[in-house]
Amino acid sequence: MLACWKHKMKSEEEDKLTTKDGTTGVVAKFKRVCVYCGSKTGHNPAYSVAALELAKLLVERQIDLVYGGGSVGLMGLVSQAVFSGGCHVLGVIPTALSRKELLGETTGEVKIVSDMHQRKSEMAKYADAFIALPGDLYFLFPFCIRVMSLMV
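Below is a short write-up of the structure.

Cut-off values and rules
- Residues numbered from 1 in each chain as written.
- Predicted model: local features only at pLDDT ≥ 70, side-chain atom pairs only at ≥ 80, totals over all residues.
- Heavy atoms only, no water.
- Helix = DSSP H or I, 4+ residues; strand = E, 2+ residues; numbered from the N terminus.
- Buried < 20%, exposed > 50% of the residue type's maximum accessible area, 1.4 Å probe, protein only.
- Contact = heavy atoms within 4.5 Å.
- Areas by Shrake-Rupley, 256 points an atom, 1.4 Å probe, with all protein chains shown as cover.
- Pairing = 2+ DSSP bridges.
- Axes fitted to C-alpha atoms, helices over the stretch in contact; angles between N-to-C directions.
- Core = buried A, V, L, I, M, F, W, Y, C linked by side-chain atoms within 4.5 Å.
- Right-handed = clockwise from strand over helix to strand, strands pointing away.
- Polar contact = N/O pair within 3.5 Å; in protein donor to acceptor, adjacent residues only side chain to side chain.
- Parallel < 35°, antiparallel > 145°, perpendicular 65-115°, else oblique.
- Left-handed = near helix turned anticlockwise from the far one by under 90°.
- Nonpolar A, V, L, I, M, F, W, Y, C, P; charged D, E, K, R; others polar.

A few points about the overall build of the protein chain
The number of helices and strands found in the protein chain is five helices and seven strands. Burial statistics for the protein chain: of 152 residues in total, 39% are counted as buried. Put simply, 55% of the contacts in the protein chain that link residues at least 6 apart link residues at least 24 apart. Taken as a whole, the protein chain presents about 8600 Å² of accessible surface, with 56% of it coming from carbon and sulfur.

Regarding the sheet that holds strand β7 (residues 129-132)
Sheets are built from strands paired through backbone hydrogen bonds, the pairs being either parallel or antiparallel. Across the sheet, five strands lie side by side as β6-β5-β4-β3-β7; this open sheet has parallel pairing. Whereas interior strands pair on both sides, the edge strands pair on one side only; in this sheet they are β6 (109-113) and β7. Taking the axes of each pair of neighbouring strands and ignoring which way they run, one obtains an average angle of 25 degrees across the sheet. Across four bridges, strand β3 (residues 32-36) lies against strand β4 (residues 64-67) in parallel orientation. Looking at β4, one finds that valine 35 is bridged to tyrosine 67. Packed on one face of the sheet, helix α2 (residues 73-84) meets β4 and β5 (89-94) and runs near 160 degrees to β4. Contacts from helix α4 (residues 116-126) reach β3, β4, β5, β6 and β7 within the one sheet, and its direction differs from that of β5 by about 160 degrees.

Structural notes on the nonpolar core
Where a protein is soluble and globular, its nonpolar side chains tend to be buried together. In this structure, Val33, Val35, Leu58, Leu65 and Val82 are the most contacted members of the largest nonpolar core, which totals 20 residues. Of all the elements in the fold, those that place two or more residues in this core are β3, α1 (45-60), β4, α2 and β7. In this structure, valine 82 is in contact with Ala55, Leu58, Val59, Ile63, Leu65, Cys87, His88 and Val89, ignoring residues within four places of it in sequence. Counting seven residues, the second largest nonpolar core, distinct from the first, contains Cys34, Val66, Leu90 and Ala127.

A look at the environment of serine 48
With respect to the helices, strands and loops of the structure, serine 48 is situated in helix α1. Residue classification places serine 48 among the buried positions, given a relative accessible area of 18%. Contacts of serine 48, omitting those with residues within four sequence positions, involve Thr41, Leu74 and Leu77.

Things to note about the pairing of β4
After leaving β3, the chain enters α1 and then returns to the sheet as β4, a path that is right-handed. As defined by bridge partners, β4 adjoins β5 across three bridges and the pair is classed as parallel. Paired with tyrosine 67 across the bridge in β5 is glycine 91. This β-α-β element, β4 to α2 to β5, shows right-handed connectivity.

Overview of α4
Inspection of α4 places Arg119, Lys120, Glu122, Met123 and Ala124 among the buried residues, and these make up the whole buried set. By the N-cap criterion, in which a side-chain oxygen at the helix start approaches the backbone nitrogen of a residue two or three places on, α4 is capped by aspartate 115, the distance to histidine 117 being 3.3 Å.

Observations concerning the packing of α1 against α2
Contact geometry of α1 with α2 gives a least axis separation of 9 Å together with a crossing angle of 25 degrees. With respect to their mutual orientation, α1 and α2 come out roughly parallel. The interaxial crossing formed by α1 with α2 has right-handed handedness. Taking contact as the criterion, the partners of Tyr47, Ser48, Ala51, Leu52, Ala55, Leu58 and Val59 in α1 are, on α2, Leu74, Leu77, Val78, Ala81 and Val82. Across the contact of α1 with α2, the residue classes tally to eleven nonpolar, one polar and no charged.

This is the structure in structure tokens:
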């Protein structure tokens, strides 16, 4: 079960969540979630399944998506599924990656930024919470450091 634990205080928008193992916690009703995932689907088909399951949960809960902006790989799967489900999708991609990761038709709104630092900053600016899916770890560590710095 995917559970998004609260990162920004929104006391008027809280609910209790009980997970399958019986633990409970306070969960915010997020409006926008940033999903970090790769521009490739990976070697394990379970990665694609997890990406589509997450997209389904976002749509069911009417949560908008902020993501890395690519139209390929796991990014493409999540963004297309969330957009097809009627939620707003905002992709943030640096100019240097736009030729490589924006192939064919884009999904939702795409914001092209100057570099990776601005990409991470913009993604954090628009998101209420963050989820990382399996895949390319190149971006994950610096992204987690950036998110943690915003929480201090």
